[in-house]
Amino acid sequence: MCSLCDEPAVTYQRHTCRHLCGFHFIIDIEQRVADTIRTRMMIVPQDRIAVALSGGKDSTALLIILNRLFFQSDEIRFIAITIDEGITGYREETIRSADHLTKQLGIEHHCLSFYDLFGYSLDDLLNERKTQACSICGILRKKALVTGSQRAGATKIATGHNLDDEAQSVLMNAFRGDLLRLVRNSGSDSSGKFIPRVKPLSCISEKDIALYLILNNAWTPLPECPYTGYALRREVRAMLSGFEYRHPGTMLKALESKKKIEQSCAGRNLSLPLGFCKACGDPCSGDLCQVCLLLQSLKR
Ligand SMILES: [Zn+2]
Ligand SMILES: [Zn+2]
């Protein structure tokens with residue numbers, strides 16, 4: 001039975017020790033996202049938000065929730081941006097799903113491909129470098145997303161990163177000896193040269209996002225990216241879900257650690273010395289930006 005009404009419960013929320021019915025679960029999720037947005041001032045009046053919509057679970061939930069929370073607002077606009085990396089047998093279906101969702105919600109939708117932007121699909125680029133797939137794809141996708149958002153005149157980029165992703169990143173950066181990188185990446189940038197990125201779902205677990213979609217009849221089974229098997233993230237993910245199961249709240253605690261580091265770094269300038277890429281003119285810290293360095297090394 002639901003802890004808040006007489007309906008049957010669909011889930012037990014371990015961190016609050018409550019049973020929740022479908023209705024109260026949906027309200028709880030949307031409220032937590034609204035709180036995250038408000039306390040971190042992620043979205044303010046006159047914003048034009050580019051939502052990174054892969055068509056997968058997280059970004060689908062993000063667009064549905066943002067649309068519900070801001071449906072009445074004339075002052076905030078959303079544009080969905082989908083990046084086609086060129087991954088055979090994977091991306092086609094998620095793009096269809098993204099297209100369907102934006103039509104249903106009446107949200108402007110832009111699609112950009114690696115091929116159009118860089119002259120190669122991800123499949124073409126990888127060949128013998130499959131173990132680096134996620135980092136190569138990550139660098140290019142970030143650039144593609146920024147290009148798409150600039151073209152759409154966006155003031156911010158919203159991504160569907162969830163609690164699991166965030167907790168994994170804390171550990172991965174700790175294991176690499178680079179916790180400062182977390183803080184550097186997460187906040188908006190005061191130089192005005194970057195479009196700030198926000199993650200409204202960073203307090204919602206992957207499991208809760210799945211349940212939210214099922215309860216909203218928005219769950220579509222989609223293929224998993226064929227390259228994820230090669231990533232370090234997969235190992236960290238397995239380890240963390242074991243911890244979360246045995247010690248509920250572990251992921252929220254990892255996120256708290258990140259916030260404490262952020263607080264103790266507040267006001268200090270952590271950004272790397274900024275120059276401009278000699279090839280493309282984007283702001284970067286060396287002679288060439290990460291994208292140009294990567295494309296150059298791949299062409300060899
Ligand atoms: Zn209830
Ligand atoms: Zn460059």
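Just so it is clear, the structure is predicted and the values come from calculations on it, not from any experiment.

The rules behind the values
Residues numbered from 1 in each chain as written. Chains lettered and ligands numbered in written order. Predicted model: local features only at pLDDT ≥ 70, side-chain atom pairs only at ≥ 80, totals over all residues. Heavy atoms only, no water. Phe/Tyr/Trp six-rings, centres within 6.5 Å; stacked < 30°, edge-to-face > 60°. Buried < 20%, exposed > 50% of the residue type's maximum accessible area, 1.4 Å probe, protein only. Helix = DSSP H or I, 4+ residues; strand = E, 2+ residues; numbered from the N terminus. Lys NZ or Arg CZ within 6 Å of the ring centre and 35° of its normal. Axes fitted to C-alpha atoms, helices over the stretch in contact; angles between N-to-C directions. Parallel < 35°, antiparallel > 145°, perpendicular 65-115°, else oblique. Contact = heavy atoms within 4.5 Å. Nonpolar A, V, L, I, M, F, W, Y, C, P; charged D, E, K, R; others polar. Core = buried A, V, L, I, M, F, W, Y, C linked by side-chain atoms within 4.5 Å. Donors = N, O, S within 2.8 Å, 3.2 Å for Na, K, Ca; no water. Tetrahedral: all angles 85-135°; square planar, octahedral: opposite > 155°, others 65-115°. Expected span 1.5 Å × (residues − 1). Polar contact = N/O pair within 3.5 Å; in protein donor to acceptor, adjacent residues only side chain to side chain.

Colleague: How would you sum up the packing of aromatic side chains? Please name residues and give values.
Modeller: With the rule as written, the count across this model stands at two aromatic pairs. Taking the centre distance of 5.8 Å and the plane angle of 55° together, the rings of Phe70 and Phe78 count as tilted. Here Phe70 matches Phe78 in class, with each residue buried. Summarising the aromatic geometry, the rings of Phe114 and Phe118 are spaced 5.5 Å apart at their centres and angled 75° between planes, so their arrangement reads as edge-to-face. A residue pair is termed a helical-turn pair when its members lie 3 or 4 positions apart in one helix, as Phe114 and Phe118 do in helix H4 (residues 114-118) at four residues. You'll find Phe114 and Phe118 in the same group, each marked buried. The ring of Phe243 carries Arg246 above its face, with NZ or CZ at 5.5 Å from the centroid.

Colleague: Break down the packing of helix H1 (residues 22-39) against helix H2 (residues 57-69) for me, with residues and values.
Modeller: Contact geometry for H1 and H2: axes closest at 11 Å, N-to-C directions at 80°. Taken as axis vectors, H1 and H2 run roughly perpendicular relative to one another. Across the interface between the two elements, Ile26, Ile29, Glu30, Val33, Ala34 and Ile37 of H1 pack against Ile65, Leu66, Arg68 and Leu69 of H2. When its residues are assigned to classes, the contact of H1 with H2 shows eight nonpolar, no polar and two charged.

Colleague: Any chance you could break down the nonpolar core for me, citing the residues and the numbers?
Modeller: The nonpolar side chains of soluble globular proteins are, as a tendency, buried together. In terms of nonpolar packing, the biggest core is built from 34 residues, with Ile43, Leu66, Phe78 and Tyr212 touching the most fellow members. Mapped by element, the contributors of at least two residues to this core are H1, strand S3 (48-52), H2, strand S4 (77-84), helix H3 (91-105) and helix H9 (206-215). Of all the elements, H2 adds the most residues to this core, at six residues. Setting aside residues up to four positions removed in sequence, Leu66 forms contacts with Ile37, Ile43, Val51, Phe71 and Phe78. In terms of nonpolar packing, the next biggest core, distinct from the first, is built from 33 residues, Ile79, Ile87, Tyr90 and Phe118 among them.

Colleague: I'd love a proper account of the coordination of the zinc ion (ligand 2), names of residues and values included.
Modeller: Cys277 (SG), Cys280 (SG), Cys289 (SG) and Cys292 (SG) make up the full set of protein donors to the zinc ion (ligand 2), lying at 2.3 Å. Around the zinc ion (ligand 2) sit four donor atoms; with metal-centred angles ranging over 104 to 115°, the donor geometry is tetrahedral. For the zinc ion (ligand 2), the single-chain donor residues occur in sequence as C-x2-C-x8-C-x2-C.

Colleague: Before we move on, could you go through the coordination of the zinc ion (ligand 1) and cite the residues and values that matter?
Modeller: Looking at the zinc ion (ligand 1), the protein donor atoms are Cys2 (SG), Cys5 (SG), Cys21 (SG) and His24 (ND1), and they sit 2.0 to 2.3 Å from it. Taken together, the four donor atoms surrounding the zinc ion (ligand 1) define angles of 101 to 114° at the centre, an arrangement classified as tetrahedral. For the zinc ion (ligand 1), all donor residues lie on one chain, and their spacing in sequence is C-x2-C-x15-C-x2-H. Of this pair, Cys2 sits in the segment before strand S1 (11-13) while His24 sits in helix H1; the two residues are 22 residues apart in sequence, bridging distant segments of the chain. Across the pair, exposure class does not vary: Cys2 and His24 are buried alike.

Colleague: Can you explain helix H7 (residues 163-175)? Please cite residues and give values.
Modeller: Its 13 residues place the ends of H7 18 Å apart at the C-alpha level, agreeing with the 18 Å of an ideal helix rising 1.5 Å per residue. H7 sits mainly inside the fold: 10 of its 13 residues count as buried. Taken together, the buried positions of H7 are Leu163, Asp164, Asp165, Glu166, Ala167, Gln168, Ser169, Val170, Met172 and Asn173. Between the side-chain oxygen of the N-cap and the backbone nitrogen of Asp164 there are 3.0 Å, and the N-cap of H7 in question is Asn162. Directly after H7, the chain includes Gly177, whose backbone phi takes a positive value near 75°.

Colleague: Describe in detail unusual backbone geometry, supporting the description with residues and values.
Modeller: With a phi angle near 55°, Cys17 is a residue other than glycine that sits in the positive phi range. Relative to the assigned elements, Cys17 resides in the loop between S1 and strand S2 (18-20). One non-glycine residue with positive phi stands out, namely Gln46, at about 75°. Along the chain, Gln46 turns up in the loop between H1 and S3. When its relative accessible area of 60% is taken as the criterion, Gln46 is described as exposed.

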